[in-house]
Amino acid sequence: MERQPSLVPFNTKESYVKEMQGLSLKNVNVSIFRKNKKIYEDFGEMLFTHFGVSGPLILSASSRIGGKDETAELHMEIDLKPALSEEQLDKRVLRDFDENKNRQFKNSLQKLMPAKMVPVIVELSGIHPDKKVNEITKDERSALVRCIKEIPLTLTGRRDYNEAIITRGGVSVKDVNPSTMESKKTEGLYFAGEVLDVDALTGGFNLQIAWSTGYLAGANSAQNKK
Ligand SMILES: Cc1cc2nc3c(=O)[nH]c(=O)nc-3n(C[C@H](O)[C@H](O)[C@H](O)COP(=O)(O)OP(=O)(O)OC[C@H]3O[C@@H](n4cnc5c(N)ncnc54)[C@H](O)[C@@H]3O)c2cc1C
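Treat the numbers as computed from the prediction; the structure is a model and nothing was measured.

Quick notes on helix H4 (residues 138-149)
Here H4 is twelve residues long and its end C-alpha atoms lie 17 Å apart, about the 16 Å a rise of 1.5 Å per residue gives. Contact partners of the buried residues in H4: strand E6 (74-79), helix H2 (86-99), helix H3 (118-125) and strand E7 (151-158).

Things to note about the pattern of salt bridges
Tallied over the full model, the rule gives ten salt bridges. Among the salt bridges present, the one from Asp90 reaches Arg141, with a minimum N-O distance of 2.8 Å. Note that Asp90 is positioned in helix H2 and Arg141 in helix H4, a separation of 51 residues in sequence. Each member of the pair, Asp90 as well as Arg141, carries the same accessibility label: buried. Here Lys106 makes a salt bridge to Asp130, at a shortest N to O gap of 2.9 Å. Note that Lys106 is positioned in the loop between H2 and H3 and Asp130 in the loop between H3 and H4, a separation of 24 residues in sequence.

Things to note about the pairing of E7
Most of E7 sits out of view: six of its eight residues are buried. Here E6 runs beside E7; their pairing, made up of five bridges, is antiparallel. Of the residues in E7, the one forming a bridge with Leu74 is Leu155.

With respect to the domain arrangement of the protein chain
If you check the domain split of the protein chain, you get domain 1 (1-166) and domain 2 (170-225). On a C-alpha basis, the centres of domain 1 and domain 2 stand 39 Å from each other. At the interface, nine residues of domain 1 touch nine residues of domain 2. Taken over both partners, the interface formed by domain 1 and domain 2 buries close to 750 Å², and the fraction arising from carbon and sulfur atoms is 59%. Looking only at domain 1, the three residues that lose the most surface to domain 2 are Met1, Leu7 and Ile166, adding up to 61% of its buried area. Viewed at the interface, domain 2 and domain 1 are joined by zero salt bridges.

What counts and how
Residues numbered from 1 in each chain as written. Predicted model: local features only at pLDDT ≥ 70, side-chain atom pairs only at ≥ 80, totals over all residues. Heavy atoms only, no water. Helix = DSSP H or I, 4+ residues; strand = E, 2+ residues; numbered from the N terminus. Expected span 1.5 Å × (residues − 1). Contact = heavy atoms within 4.5 Å. Salt bridge = Lys/Arg side-chain N within 4 Å of Asp/Glu carboxyl O. Buried < 20%, exposed > 50% of the residue type's maximum accessible area, 1.4 Å probe, protein only. Pairing = 2+ DSSP bridges. Domains from an automatic or database assignment. Buried area = accessible area lost by both parts, 1.4 Å probe.

Right, dumping it as structure tokens:
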């Protein structure tokens, strides 16, 4: 099977990720779309980098998205407040606006999101950063709420082997005896770990694959030599 990098970060088209480089988001919801079809959704942790996005949610997405989608431009949305509906978030924003009535918009979001994110969301919302909070209209507030629940990004491709946690593809398990890890095609040849076409999500499963198949291959090849 053809070998490919997997559990790997993505590049993004939007350069605003650079402004948030190093920022790790917890308890967010990430959705990825091909055209309008949702092809991945999960909840957890992610990270912004100088080139795009990484972290557990993104690495898992890379191993779930295959076929034509691997090279396609994909639309991604981050829901920063997945526990709140748009209505609930709107009430929360209103409360914060109430406390910051006479401040400029750009100085009113600190309680809602990490500081590095504020300039990006302000820009995406389309509301002038210097606008007084008490002058913001209901429509502008709705746009802000949508922005927080659907931070848009365009995934333009995966990073390469140098940044991959694992490889996908390799020697087909159909060609290997699972009790001994010996090749079914060549006697005395044993396989273990990454070289096999076995891969899993993050969480220790890949190390377990390497250890278990390595133990079997080692023990059986030694036995075979006797
Ligand atoms: C940054 C990072 C973090 C990871 N975190 C996790 C994790 O948290 N949980 C998890 O389950 N998995 C994790 N993995 C994946 C996991 O480490 C691998 O799946 C696992 O190590 C594969 O084991 P392996 O023995 O098959 O290959 P490797 O660990 O790559 O070992 C292959 C060895 O062969 C040596 N070698 C290569 N060519 C030759 C040659 N020609 N002659 C002699 N020696 C050679 C290499 O130097 C290397 O020591 C992570 C991987 C990376 C890169």
